[in-house]
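# Summary of structural features
Residue strings, one per chain:
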Amino acid sequence: MLADLRSKYPLHNYERSALIMRDLRVVKSQTEIELTKKACAITKDAFERVLKFTKPGVTEYEIEAEIIHEFTRQRATGHAYNPIIASGKNAIVLHYIDNNQVCNDGDVILFDFGAEYANYNADMSRSIPVNGRFTKRQRDVYDAVLRVMKAAKEMLVEGTIWNEYHDEVGKVMTDELIGLGLLTRHDVEKQDPKIPAYKKYFMHGTSHHLGLDVHDFASRYKPFEVGNILTCEPGIYIPAEGLGIRLENNILITKGGNVDLMADIPLEAEHIEEIMNS
Ligand code: GLY
Ligand code: MN
Ligand code: MN
């Protein structure tokens with residue numbers, strides 16, 4: 001394309017815009033924040049619709065239909081990315097988008113979906129019990145992921161460095177995995193620091209920038225700044241138990257702290273169960 005442009009328009013100078021765009025896109029204007037909030041609000045309504053709809057025997061694609069119904073009704077441009085509706089062991093497959101299975105009594109469904117509104121994206125994950133009640137084990141794993149999310153959120157502030165953040169979240173996750181009996185102290189002592197033991201159960205990053213792209217363009221070396229919007233999305237995936245739980249909210253960094261743009265989307269396990277059983 002560049003050779004073509006140069007030959008067609010030889011009098012122009014050509015320089016890369018990527019480095020300029022990288023720093024511009026990462027700090028959101030008030031209008032961009034408002035559009036992201038709208039995408040989050042539509043995503044919330046779709047999730048609440050799904051909470052009321054889900055019961056044993058429904059299919060993943062019927063749930064997908066509920067989501068797009070709510071998105072279209074509220075003039076979202078569509079899905080921000082291929083939605084994941086992964087019941088039971090399907091949740092172990094990180095990019096499961098087949099969404100073609102029956103949701104069975106006793107399983108947890110992992111959702112990862114978000115609305116796109118005026119080119120801005122929401123990116124939400126939730127994990128809910130098909131029958132409206134978590135088992136003791138599901139609840140223990142859920143609460144572990146939620147504690148990691150809360151700890152990670154505290155670190156999403158101005159000045160935080162990408163790598164240090166991910167290392168710190170890894171430590172919190174390691175403790176939770178020991179608490180769940182999935183790792184031992186011995187596993188951690190003998191771990192290769194380049195591939196920490198927790199990666200066996202949490203094999204993706206905790207955060208990425210969000211904006212015009214779901215995985216928005218940003219420097220990994222620049223500390224977080226006021227106006228950044230990042231996801232916060234820890235998860236624990238246990239193939240042997242057919243269980244995968246991820247929770248994901250979208251966080252705006254502000255002066256002296258942050259604002260959770262999904263603070264009003266049901267998250268606590270009791271709240272999820274209450275809505276499902278109401
Ligand atoms: N939905 C894609 C992601 O969470 O990164
Ligand atoms: Mn996501
Ligand atoms: Mn994400």
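Structure: see above.
The structure displayed is predicted, hence computed values, not measured ones.

This part covers the pairing of strand 3 (residues 108-113). Among the 6 residues that make up strand 3, 6 are buried, leaving the element largely enclosed by the rest of the structure. What you see with strand 3 is no split at all: Val108, Leu110 and Asp112 on one side and Ile109, Phe111 and Phe113 on the other are buried throughout. Of the strand pairs in this sheet, strand 2 (residues 84-87) and strand 3 are connected by 4 bridges, and their pairing is antiparallel. Looking across to strand 3, one finds that isoleucine 85 is bridged to phenylalanine 111. For strand 3 and strand 6 (residues 124-129), the ladder comprises 6 bridges, and the chain directions are antiparallel. Within the sheet, the bridge partner assigned to aspartate 112 lies in strand 6 and is serine 125.

With that settled, consider the coordination of the manganese ion (ligand 3). Coordination of the manganese ion (ligand 3) by the protein comes from Asp123 (OD), His208 (NE2), Glu233 (OE) and Glu248 (OE), over a distance range of 2.1 to 2.2 Å. Taken together, the 6 donor atoms coordinating the manganese ion (ligand 3) and their angles of 51 to 155° define a geometry best described as irregular. Donor residues for the manganese ion (ligand 3), ordered by position in the chain, follow D-x84-H-x24-E-x14-E. Metal-to-metal, the separation of the manganese ion (ligand 3) and the manganese ion (ligand 2) is 3.3 Å; aspartate 123 coordinates the two.

What follows concerns a nonpolar patch on the surface. A grouping of Ile20, Met21, Leu24 and Phe217 is seen on the molecular surface, where their side chains present a nonpolar patch of about 380 Å² in accessible area. Looking at where phenylalanine 217 falls in the secondary structure, it is placed in the loop between helix 7 (185-189) and strand 7 (229-232). Exposure remark for phenylalanine 217: the relative accessible area of 35% places this residue in the partly exposed category.

Looking now at the site of ligand 1. Near ligand 1, the surroundings consist of Tyr81, Asp112, Asp123, His208, His215, Glu233 and Glu248. A distance of 3.1 Å separates a nitrogen atom of ligand 1 from a polar atom in the side chain of aspartate 123. Contacts to ligand 1 include glutamate 233, whose side-chain N or O atom sits 3.0 Å from an oxygen atom. Relative to its unbound accessible surface of 190 Å², ligand 1 loses 84% to contact with the protein. Tallied by class, residues from the shell around ligand 1 come to 1 nonpolar, 2 polar and 4 charged.

Let us now look at the sheet that holds strand 11 (residues 257-260). Pairing in this open sheet of 3 strands is antiparallel, and the strands run 7-10-11 from one edge to the other. A strand with exactly one partner marks an edge of an open sheet, and here the two such strands are strand 7 and strand 11. Strand-to-strand twist in this sheet, taken as the mean axis angle between neighbours without regard to direction, amounts to 35°. When strand 10 (residues 249-254) meets strand 11, the two strands line up antiparallel, connected through 4 bridges. From the neighbouring strand, leucine 252 faces strand 11, where its bridge partner is valine 259.

Cut-offs applied
- Residues numbered from 1 in each chain as written.
- Chains lettered and ligands numbered in written order.
- Predicted model: local features only at pLDDT ≥ 70, side-chain atom pairs only at ≥ 80, totals over all residues.
- Heavy atoms only, no water.
- Buried < 20%, exposed > 50% of the residue type's maximum accessible area, 1.4 Å probe, protein only.
- Helix = DSSP H or I, 4+ residues; strand = E, 2+ residues; numbered from the N terminus.
- Pairing = 2+ DSSP bridges.
- Donors = N, O, S within 2.8 Å, 3.2 Å for Na, K, Ca; no water.
- Tetrahedral: all angles 85-135°; square planar, octahedral: opposite > 155°, others 65-115°.
- Patch = residues over 30% accessible without salt bridge, like charges linked within 9 Å, V, L, I, M, F, W, Y side chains within 5 Å.
- Areas by Shrake-Rupley, 256 points an atom, 1.4 Å probe, with all protein chains shown as cover.
- Salt bridge = Lys/Arg side-chain N within 4 Å of Asp/Glu carboxyl O.
- Near = heavy atom within 4 Å.
- Polar contact = N/O pair within 3.5 Å; in protein donor to acceptor, adjacent residues only side chain to side chain.
- Nonpolar A, V, L, I, M, F, W, Y, C, P; charged D, E, K, R; others polar.
- Axes fitted to C-alpha atoms, helices over the stretch in contact; angles between N-to-C directions.

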